[in-house]
Amino acid sequence: LGVGPREDGSIDPDDASALREIGHWLKENGEAVYGTRGGPWKPGAWGVSTRKQDKVYLFVRNLPADGKLSLPLLPAGLKGARMLTSGAPVVAVAGTGEWTVSILRGRRSLGPAAIVELTLDRPALAIPAVATPAAAVPAKEEKPEEANPK
């Protein structure tokens, strides 16, 4: 993290503030980080994914303006989708050759990435990694909105 103590053993106040912010974020979103593995979708322009048990977590950093993220179809059934921190429902549909995950404008918050939890009908670690085509995010991209703008 590039943070170390000063000669007197204290931590710079700006560094301490950044560490507290990271700690707060991990307290709310650690489920999508701790004990997970990468995938099943490989990183793409849209963001990254992690997985454990029957869950896949999408860390969406760049969302198309219409709020719809298209990802290659996985060999699994989709049992549910929600925003990780708020629990707000997310529309996720398995179509022909792709999954479409729609995040409503008011639910695209929560820091550096909007985190979507997908629940599958089988263990996520059993699914081979899938490449995400460059076209998964159109040229016009939108950053997730801040939960509490300053």
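Here, the structure is the one placed above.
This is a predicted model, so every value here is computed, not measured.

Procedures and definitions
Throughout this document, residue positions are counted from 1 along each chain, in the order its sequence is written. At least 70 in pLDDT is required for a residue's local features to be given in this predicted model, at least 80 for side-chain atom pairs to be given and counted, and no such filter applies to totals for whole chains, interfaces and linings, which use all residues. Only heavy atoms go into the side-chain values, all of them from the structure, while hydrogens and water stay out. Two rings from Phe, Tyr or Trp (for Trp, the six-membered ring) form a pair when their centres are within 6.5 Å of each other. A pair whose planes differ by under 30 degrees is stacked, one over 60 is edge-to-face, and the rest are tilted. Elements are defined by DSSP. Helices are runs of H or I of four residues or more, strands are runs of E of two residues or more, and each kind is numbered from the N terminus. Under the scheme applied here, a residue whose accessible area is under 20% of the maximum for its type counts as buried, over 50% as exposed, and between as partly exposed, the area being computed with a 1.4 Å probe on protein chains only. Any two strands with at least two DSSP bridges between them are considered paired.

Would you explain the packing of aromatic side chains in this entry?
Any pair of aromatic rings gets described here by the distance separating the centres and the angle formed by the planes. Inspection of the entire model under this criterion finds two aromatic pairs. For the pair Trp 25 and Phe 59, a centre-to-centre distance of 6.4 Å together with 40 degrees between the ring planes defines the contact as tilted. Taken together, the positions of Trp 25 in helix H1 (residues 13-29) and Phe 59 in strand E3 (residues 55-60) put the pair 34 residues apart, joining distant regions of the chain. Taken together, a centroid distance of 5.6 Å and an interplanar angle of 70 degrees make the contact between Trp 41 and Trp 99 edge-to-face. Of this pair, Trp 41 sits in the loop between strand E1 (37-38) and strand E2 (47-52) while Trp 99 sits in strand E8 (residues 98-102), and the two are 58 residues apart along the sequence.

Would you mind going over the pairing of E3 with me for this structure?
On a regular strand, one side chain projects to one face of the sheet and the next to the other, so that they alternate. Of all six residues making up E3, six are buried, and the element is well covered by its neighbours. When E2 meets E3, the two strands line up antiparallel, connected through six bridges. Counterpart to Ser 49 in the pairing with E3 is Leu 58. Counted between consecutive antiparallel strands, the loop separating E2 from E3 contains two residues, among which Gln 53 sits at a positive phi close to 50 degrees. Examined bridge by bridge, E3 and strand E9 (residues 114-120) share six bridges and lie antiparallel to one another. Within the sheet, the bridge partner assigned to Lys 55 lies in E9 and is Thr 119.

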